[in-house]
Amino acid sequence: MKPALIVHGDAWEIEAETYTERIAGVRAAVEAGWAILARGGSALDAVEQAVALMEDDPVFNAGVGSALNRDGEIELDAIIMDGRTLALGAVAAVRGITNPVRLARLIMEDTEHSLLVGEGARRFAEMKGMRLAAQAELTVPREVERFRRFQMQAGYRVPAGLTPNPMDTVGAVAIDVQGNVAAATSTGGVHFKMPGRVGDSPLVGSGAYADNRAGAAATTGHGESIMRVVLSKTATDAVERGFSAQEAADYAIALLHERTGGYGGIIVVDPQGRVGYAYNTPHMAVGWVRDDGTIHAQVERQPGGEG
Ligand code: ASP
């Protein structure tokens, strides 16, 4: 069958000055994933590669460029899931890794476990010969400045709804020529989070889900809301009930808001190879390959929204 791929580079209030870099990063991720799918490669390889590229790009809050927690440290979350076997690998609150999505893939393939956290995850990365990175290597000046601003706000609490503070996550979902689907997500999590805080992103069914019978989905947005409605699984369940990728994405985001008041975005691919996305945040950066083979990469905004 004809492969398909859709990636996102965050949904929130995306700062206008990052549009150009962000669109370029999303486009590069689509190109990298598509190069794999177009030569008959697997959806799993495509989503891993697309996400790893965005982890390497400092404009995104994933891998290099991630948000700092309240201790000024970076703790990363990621997941990858194979829709053919329902195998998954995930990593949470890990430090000093540039590509958590690649570590998630190693956890999926080379351990009997699905989710490793913190120091254990880091030790496994070291054991597998992954390069460990100093905190400084992952930290960018933009995030240090943001951290200082948060520090200055006395009594600051991680907000429950939409705030002007951008969050970020990157993700990709794909279907390959064999009809296998896969999903991957990676994030530095919410800015100024409590040390040890884990969001929806590495949680199976919340941050991502993939099942050949039901397509694949990956989310971004307020993790504490997303996990309450198991957003990715909610979308793929809808696909299994007969919704298209777009209908399922719309349905999942409407449900997120109706049930939790939360904000976020989602990308979906269905088993027929159609892609869809939806968001109730002001913006969402998305990219996919159109039917004619050209790439759409854009920071989308709500109809009638500003900026
Ligand atoms: N969902 C992520 C989290 O809560 C953040 C985001 O997507 O912006 O960790």
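Residues numbered from 1 in each chain as written. Predicted model: local features only at pLDDT ≥ 70, side-chain atom pairs only at ≥ 80, totals over all residues. Heavy atoms only, no water.

This part takes up the sheet that holds strand 6 (residues 181–187). Pairing in this open sheet of eight strands is mixed, and the strands run 4-3-2-6-5-1-11-12 from one edge to the other. Where the open sheet ends on each side, the last strands, each with one partner, are strand 4 (115–117) and strand 12 (295–301). Between one strand and the next, the sheet's axes are offset by a mean angle of 10°, whatever the strand orientation. Strand direction decides the pairing type here: strand 5 (residues 170–175) and strand 6, joined by six bridges, are antiparallel. Considered in strand 6, the bridge of A174 is made with A182. Sheet strands touched by helix 1 (residues 19–38): strand 1 (4–12), strand 5, strand 11 (283–289) and strand 12. Its angle to strand 1, the strand with the most contacts, is close to 155°. Sheet contacts for helix 2 (residues 43–56): strand 1, strand 2 (76–82), strand 5 and strand 6; angle to strand 5, the most-contacted strand, approximately 160°. (Pairing = 2+ DSSP bridges. Helix = DSSP H or I, 4+ residues; strand = E, 2+ residues; numbered from the N terminus. Axes fitted to C-alpha atoms, helices over the stretch in contact; angles between N-to-C directions. Contact = heavy atoms within 4.5 Å.)

Taken together, 13 residues form the shell around the ligand, and within it T169, R197, D200, T220 and G221 come nearest. Interatomic distance of 2.8 Å between a side-chain N/O atom of R197 and an oxygen atom of the ligand. Interatomic distance of 3.0 Å between a backbone N/O atom of G223 and an oxygen atom of the ligand. Burial of the ligand by the protein amounts to 100% of the accessible area it has alone, namely 270 Å². Grouping the constituent residues of the shell around the ligand by class yields two nonpolar, seven polar and four charged. (Near = heavy atom within 4 Å. Polar contact = N/O pair within 3.5 Å; in protein donor to acceptor, adjacent residues only side chain to side chain. Areas by Shrake-Rupley, 256 points an atom, 1.4 Å probe, with all protein chains shown as cover. Nonpolar A, V, L, I, M, F, W, Y, C, P; charged D, E, K, R; others polar.)

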